[in-house]
Structures are given as C-alpha cells and as structure tokens.
Amino acid sequence: MVIVGGGTAGSVVASRLSADPDVSVCVLEGGPSDVGDQRILQLRNWINLLESEFDYDYPIVPQPRGNSHLRQARARVLGGCSSHNTMISFLPPPEDFADWVAAGAAGWSYEEMVPLWKRLAINIVPVAPQHRNPLAEDFVAACHTALGVPIHDDFNAAPFADGAGFFPVGYHPETGVRSSASVAYLHPHLDRPNLTILTNHWAYHLDPEAGISVNIGQGWRDGGAWGVEGSSGAGSGGAGQSGAGQSGAGQSGAGQDGAESGGAGQSGAGQSGAGNGERVLIRARHEYVLCAGAVDTPRLLLHSGFGPARQLERLGIKVKADLPGVGENLLDHPESLILWEASREIPPMSAMDSDAGLFVRRDPGAERPDLMFHLYQIPFTFNTERLGYDVPRHGFGMTPNVPRPRSAGRLTLADSDPGTKPLLDFRYFTDPEGYDERTIVDGLRLAREVAATEPFAKWIAREIAPGPALRSDEELSSYGRAAHHTVYHPAGTCRMGSPGDELSVVDPELRLKGVPHVRLADASIFPLMPSVNPMVTVLMIGERAADLISAELNRA
C-alpha cells in the first residue's frame, strides 16, 4: 500500500493497515516530521504555524461577496492539519450522516459511524479545569442566561441541538501536547518493520500502472514544482531523508515488499538517499490511497489526468479519465467576528485560546444547531485591522459561523505545472437564497445579546467591530462578509456518491470511479459539510478506509 499524505486520515490508514505484519505500507508526506518538534506538538502554538514553513498557505481567488484576502492554511507536516489546528473534536450529529446517505453515501449512517468514533485513538477530553479561563466561564454562563441554551459538560456525551460549554479537545492536559493523528496513530508504531514513512516526499503525479512521481526535498515554492528550498526543516531528516525514519519508521524495506521505486536515482522507497530536488517513482503493488486533503488530492488527480476533460485538455494535460466532479463542490465553514476591547487584562490560562463555544438552533423544532460560535480569548484581528478597526492590547471576540453552508465553489488548475498553486474559488455567500449571509447577520445580533448579559458583560470595555453604529441588516451583512474569516475547513472537492451520480468522484467504498487500485480518504470526499469542526469526521474516514481495504485484502 502507498498512502499519499501522512495527515489526519493518512496517519490512521497507515497505522491500522500496518498493524497486519503481512501488509507493507509506505507513507509519502510532503512536509517534515513532527517527532520531537515542540513547535508542532504544543497545542497552544497552533496560531504561530499559520503562514509558516509548516503551511502550504493557499491564497483564494477574488470573491464577489466575501473576503478576497483570505489564506487557506494547509498543513505541511506529518499529522497534517491535526498537527496544525486547535484539535476541537466533535462527533457530528446523526442528521449530518443521514444527509450523506441521502446524497448517495450508502453505508455511512450515524449508526454505522459510531463504532469508528468509539475506537479513535486520539485522546479527546473537555478542556481541563486548569485551562479554563474565567472569561470563558463567564461567557458560557451568559450564553445560558441570555439565550436559554443548556450548558454541556461534554458536547460528545450525546447528540445536541444547541448549548454552550467548553469544547472537547484532542490533547493531553498534563503536558499541553496535542493528541494529533500522528502522535496517536504513528508515533507508537514507528518501529514497525512493515511501515515506511517518507517525509519531505511531495507527490505530484499518479499513474496507477507506473507509479507515483515524487519530488524529494524540503518542499516547493509557488510557480515551480522544482524550486526546492535549500535549508533543512526542523524535525526533518535533512535532504532526502525521512525525519520520521530517525525514530524508526523509514528504515524498513517497503521498497522490497510493498512498493517499488524507479526513475531518478532508483532510490528504494524504504531508505531514500536522494538529494534535494531529486525525483523518484514509487509503485504500489496493491493500491494507492490518496489522503492529501481537499486541496491537494484533487490537485494531484487533475495534474495526473483525472478530472473534467475539457479543463484538462485546455491546459494540455492528457486525459486519463473524464471525472467532471474533481474540484467541484468546494466547501468551507465561513465565520465572521464581533470584536471587543477587554475591560481588564485577560488571565493567561487556556488550552488553545478558543476553548469555549455556543451552538444555536434558530428553528425551535430542529434537532441540530444551525449557528455556531467560537469564543476567541485573544484579539483575532487579521481582517478587522485591514478594514481600519483598532487593534486592542487586550481583546477577545465571538465568531458567528455557518455550520452547513449552502454556498459551494470549485478548485481548478492555473496551469499544467504541478508546482503552481491551484485556484480556490469558494464563492462565499453566493447561495441564491442568501442563507449563509442571513446566518452571519443573525449571529452578530445574538452575540450582542450575549455581550449585554452578565457575567460576560463586565469583561467588555467597548465593541470595536463591527461597532455599535452598525445596526441594520444591510450594514451587518456588509461588515460580516468583509471581515469574515475561514476556520480552515476546505472539503468536498472529490465528493462521495452513488455510482450513477455524474459529479461524484468516489463510490461509498472510497474507490476512484473507473480507476482501479486508487482510493481517496480525506475531507475531499465529504458530500456535505458536517455541522461541527470536521477533524473527527476525517479521522473516522481514515478508520473506515482501513476497514474497507483490510476486508478486501482478506477476501483476496
């Protein structure tokens, strides 16, 4: 097995499959290892990883009704976005999976997914008492008083329709270390002789018969696939070596048993001796599992000739399979911000500076929330400062978020160079009914109700943004869309569906339609966006993929 992407799902697939000593697994990860790197491992440092050497940092195309200045963070490190995010960890509500089944994902019901949830290896706990900030505690109490929502001790204890509380987080409270997919699924098994992890190996072309083409080095720069950085990344094994291999993984002979390597240098997959920028071809004997995420999985497919035929032909890329859905259905969770100046210095304790939140259902008869808020205990001012608003020395904010957005965009290629970043057009707030826009406006109004309620109100010196002068729906919509951010949840670009669905890319067994020996397992397969932070859903996709592959191997 060759797994492309050692991220959230890829770590799960690699760990579960390599538990069978008769299955040889090779993981290709484009970034460095996270082993021993406290910049990655310490959860609270997540915000410093944005736009860093550990971030592919994708711009978006101009948005006619949204914020065109956004950058989409995509992790460039072992563990993927679970090594890069806040580790907020929700089991989605049953209705979310019912929507998936209705969209053609047979076998993905809530009842079928719960067993996967129960066996997840990451350590998910509500924010620990020692990390509970008084500001967040007063926020939770005010949400209950102002809006009448229940307070949840553990959001994952049972499905909920609304409520406030401290988030469930994947971390180890005693050390502050994130319980990422790599920490939980790979680190304990780096000495498995049948598991090879090749970091700084960036896959850029797939031919299921010949193999997957890989560029070895410290990465690439936009505008040229082979503009490899010369400096050695922290935690990596240096030029052409597997950083994870220093801890035991990467030393096995996957090149002899599970994958074959050819091309430049004829380097064995288990022990790459290639230098910066060298290219090799690695071939799976059984199957490729693409786990590169909702941006880089469709990007790899398109550059390999799997995608909309007209688009590929226009760029001079040979069409291997006409799959019109590759790159379509680009989803995200947009959220805006109401920003306050604090009336006092905010105490320092926190798990990751966004420890508590609020869920609201605007329809009293609904069984799941349709509006979510994170409470940021820091002044998250990336977008408001650009609009001319003050940056407080001590500040905090609430972020009205659209849990199930109705706007969808698309990912396309800019040109035929694999090193050129793709074009991401999320088409934020373009749904014809204006549902997403209405959700943000309602959220800003509800946030003001919470802000006017004690004990939260005493923390607020003044509202900075949008500012008390903005009151009408039109004013709040204009501000909310101009200042909106992303929670870095791109998804849906290779969506799962029934075999008869022309725009589905994978079937419910995660097999790439019409292409043998290739599966997908990451957020790109989402038919619809879950109502909550999606990391747990991606982990469960990894678990499901491992089950499907193991069952097939056993039948064989």
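A.B. asks: Quick rundown of the packing of aromatic side chains? Include the residues and the values.
C.D. replies: Tallied over the entire structure, the rule returns 21 aromatic pairs. Taking the centre distance of 5.7 Å and the plane angle of 45° together, the rings of W340 and F396 count as tilted. Remark: F396 occurs in strand β22 (residues 395-401) and W340 occurs in strand β19 (residues 338-342); sequence separation between them is 56 residues. A relative accessible area of 1% places W340 in the buried class. Judged by centre distance (5.1 Å) and plane angle (10°), the ring pair of F426 and Y428 falls under stacked. Aromatic ring contacts, followed pair by pair, group F90, F155, F160, F167 and F359 into a single cluster. The side chain of R344 reaches across the aromatic face of W459, ending 4.0 Å from its centre.

A.B. asks: I'd like to hear about the environment of E385, residue by residue, with values.
C.D. replies: When you line up the elements, E385 lands in helix α10 (residues 382-386). Given the relative accessible area of 48%, E385 is considered partly exposed. Along the sequence, E385 and A465 sit 80 residues apart, while their C-alpha atoms lie 9.7 Å from each other.

A.B. asks: Provide a residue-level description of the side chain of S336, including the pertinent values.
C.D. replies: Position of S336 relative to the elements: it lies in the loop between β18 (334-335) and β19. Under the relative-accessibility criterion, S336 is labelled buried at 1%. A distance of 2.9 Å separates a polar side-chain atom of S336 from the backbone oxygen of G480. Residues contacting S336, with those up to four places away along its chain left out, are M398, T399, P400, I440, Y479, G480, A483 and H484.

A.B. asks: Could you give an account of the confidence of the model for the protein chain, naming the residues involved and the relevant values?
C.D. replies: Scored by pLDDT, the protein chain comes out at a mean of 91, with 89% of its residues at no less than 70. Below pLDDT 50 for its whole length, residues 220-258 participates in 127 contacts with residues either more than four positions away or in separate chains.

A.B. asks: Which residues make up the side chain of T381, and what are the values?
C.D. replies: Along the chain, T381 falls in the loop between β21 (371-376) and α10. Residue classification places T381 among the buried positions, given a relative accessible area of 9%. Ignoring any residue separated from it by four or fewer positions in sequence, one finds T381 in contact with L339, V391 and P392.

A.B. asks: Describe in detail empty space enclosed by the protein, supporting the description with residues and values.
C.D. replies: On inspection of all chains with the given rule, the structure shows 3 cavities of 30 Å³ or more. Approximately 70 Å³ is the volume attributed to the second largest cavity. In terms of lining residues, the second largest cavity is bounded by E335, S336, L337, Y376, F380, T381, F382, N383, T384, T399, A483 and H485. In terms of residue class, the lining of the second largest cavity is built from 5 nonpolar, 6 polar and 1 charged.

A.B. asks: Before we move on, can you summarise helix α1 (residues 8-18) with the specific residues and values?
C.D. replies: Across the 11 residues of α1, 10 count as buried, placing the element largely inside the fold. Turning to α1, its buried residues number three or more, namely T8, A9, G10, S11, V12, V13, A14, S15, L17 and S18. In the core, the buried residues of α1 are packed alongside β1 (2-4), β2 (25-28), α6 (181-186), β9 (195-198), β14 (288-290) and α13 (535-555).

A.B. asks: Mind laying out the packing of α1 against α13, listing which residues take part and the relevant values?
C.D. replies: Two packed helices can be described by the angle between their axes and the distance between those axes. With their axes 8 Å apart at the nearest point, α1 and α13 run at an angle of 35° to one another. Classified by chirality, the crossing of α13 by α1 is right-handed. Note on element contacts: α13 touches α1 through M535, V538, L539, G542, E543, A545, A546, I549 and S550, opposite T8, A9, V12, V13, R16 and L17. Counted by class, the contact of α1 with α13 contains 10 nonpolar, 3 polar and 2 charged residues.

A.B. asks: Now, about the pairing of strand β10 (residues 201-207): what can you tell me, with residues and values included?
C.D. replies: Across the 7 residues that make up β10, a large majority, 5, are buried. Alignment of β10 against strand β11 (residues 211-216), held across 6 bridges, turns out to be antiparallel. If you follow D207 over to β11, its bridge partner there is G211. Adjacent in sequence and paired antiparallel, β10 and β11 are bridged by 3 residues.

A.B. asks: Help me get a handle on helix α3 (residues 94-102), residues and values and all.
C.D. replies: Taken together, the buried positions of α3 are E95, D96, F97 and W100. Buried positions along α3 lie against α4 (110-118) and α13. Of the residues trailing α3, G104 is marked for its positive phi of about 110°.

A.B. asks: Describe the packing of helix α5 (residues 134-147) against helix α11 (residues 435-451), naming the residues involved and giving the relevant values.
C.D. replies: Where α5 contacts α11, the two axes come as close as 8 Å, and the packing angle between them is 110°. The angle between α5 and α11 falls in the class roughly perpendicular. Taken together, the residues of α11 that come into contact with α5 (itself represented by F139, A142, C143, A146 and L147) are L446, E449 and V450. For the contact of α5 with α11, the class distribution of residues is 7 nonpolar, no polar and 1 charged.

What counts and how
- Residues numbered from 1 in each chain as written.
- Predicted model: local features only at pLDDT ≥ 70, side-chain atom pairs only at ≥ 80, totals over all residues.
- Heavy atoms only, no water.
- Phe/Tyr/Trp six-rings, centres within 6.5 Å; stacked < 30°, edge-to-face > 60°.
- Helix = DSSP H or I, 4+ residues; strand = E, 2+ residues; numbered from the N terminus.
- Buried < 20%, exposed > 50% of the residue type's maximum accessible area, 1.4 Å probe, protein only.
- Lys NZ or Arg CZ within 6 Å of the ring centre and 35° of its normal.
- Polar contact = N/O pair within 3.5 Å; in protein donor to acceptor, adjacent residues only side chain to side chain.
- Contact = heavy atoms within 4.5 Å.
- pLDDT = per-residue confidence, 0-100.
- 1 Å grid on protein atoms, 1.4 Å probe; cavity = no way out; pocket = protein on both sides within 12 Å on 5 of 7 lines; lining within 4 Å.
- Points joined across faces, edges and corners; volume = space filled by probe spheres on them.
- Nonpolar A, V, L, I, M, F, W, Y, C, P; charged D, E, K, R; others polar.
- Axes fitted to C-alpha atoms, helices over the stretch in contact; angles between N-to-C directions.
- Left-handed = near helix turned anticlockwise from the far one by under 90°.
- Pairing = 2+ DSSP bridges.
- Parallel < 35°, antiparallel > 145°, perpendicular 65-115°, else oblique.

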